[in-house]
Amino acid sequence: MKKEICTISVSSNWLGDDYIFYEDHTIKRVYDNHSLNSNKTEWLEPHQINKQNKDKLIRACPEEFKEQIMHLLDYP
């Protein structure tokens, strides 16, 4: 079973957008397209996340996980 590092929410207004980071360097994104299409899930590799979203994730990241998440995302 995958061991979770942390969950970071970068939701805007009422649409959910959560990233769940795992120790095996996989990332699960659970998000809402709109109110009738919610809780969609996709598995991502760090290179699939653009710089703008990486910035949001690092800003929203709990301080105790920030260094680990920055390393996982290959964030400068």
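We now turn to the structure provided with this report. Since this is a predicted model, take the numbers as computed values, not measurements.

**Points about the overall build of the protein chain**
At step 1: What the protein chain contains, in helices and strands, is two helices and four strands.
At step 2: The order of α-helices and β-strands along the protein chain, N terminus first, is β-β-β-β-α-α.
At step 3: Its C-alpha atoms give the protein chain a radius of gyration of 12 Å, within 12% of the compact-globule value 11 Å for 76 residues.
At step 4: Taken over the C-alpha atoms alone, the protein chain extends approximately 35 × 30 × 20 Å along its principal axes.
At step 5: The buried share of the protein chain, reckoned over its 76 residues, is 36%.
At step 6: In the protein chain, the share of contacts with a sequence separation of at least 24, taken over all contacts with a separation of at least 6, comes to 27%.
At step 7: Within the structure as shown, the protein chain displays about 5,100 Å² of accessible surface, and the carbon and sulfur contribution to it stands at 47%.

**Regarding helix α2 (residues 66-73)**
At step 1: Among the residues of α2, those classed as buried are Lys66, Ile69, Leu72 and Leu73. Down the axis of α2, the buried side of the element spans an arc of 130 degrees, and every buried residue falls inside it. Opposite the buried face of α2, at more than 90 degrees from it, the exposed residues are Glu67 and His71.
At step 2: Elements that come into contact with the buried residues of α2 comprise β1 (4-9), β2 (17-22), β3 (27-31) and α1 (51-60).

**Concerning the packing of α1 against α2**
At step 1: Running from N to C, α1 and α2 point in directions that differ by 165 degrees, and their axes come no closer than 10 Å. With respect to α2, the element α1 is oriented roughly antiparallel. Considering only the axes of α1 and α2, their crossing is right-handed. Mapping the contact onto sequence places Lys54, Leu57 and Ile58 in α1 and Lys66, Ile69, Met70 and Leu73 in α2.
At step 2: Residue composition of the contact of α1 with α2, grouped by class: five nonpolar, no polar and two charged.

The rules we used
- Residues numbered from 1 in each chain as written.
- Predicted model: local features only at pLDDT ≥ 70, side-chain atom pairs only at ≥ 80, totals over all residues.
- Heavy atoms only, no water.
- Helix = DSSP H or I, 4+ residues; strand = E, 2+ residues; numbered from the N terminus.
- Rg over C-alpha atoms; globule rule 2.2 N^0.38 Å.
- Buried < 20%, exposed > 50% of the residue type's maximum accessible area, 1.4 Å probe, protein only.
- Contact = heavy atoms within 4.5 Å.
- Areas by Shrake-Rupley, 256 points an atom, 1.4 Å probe, with all protein chains shown as cover.
- Arc of directions from axis to C-beta.
- Axes fitted to C-alpha atoms, helices over the stretch in contact; angles between N-to-C directions.
- Parallel < 35°, antiparallel > 145°, perpendicular 65-115°, else oblique.
- Left-handed = near helix turned anticlockwise from the far one by under 90°.
- Nonpolar A, V, L, I, M, F, W, Y, C, P; charged D, E, K, R; others polar.

Everything listed here is a matter of geometry and, on its own, says nothing about what the molecule does.
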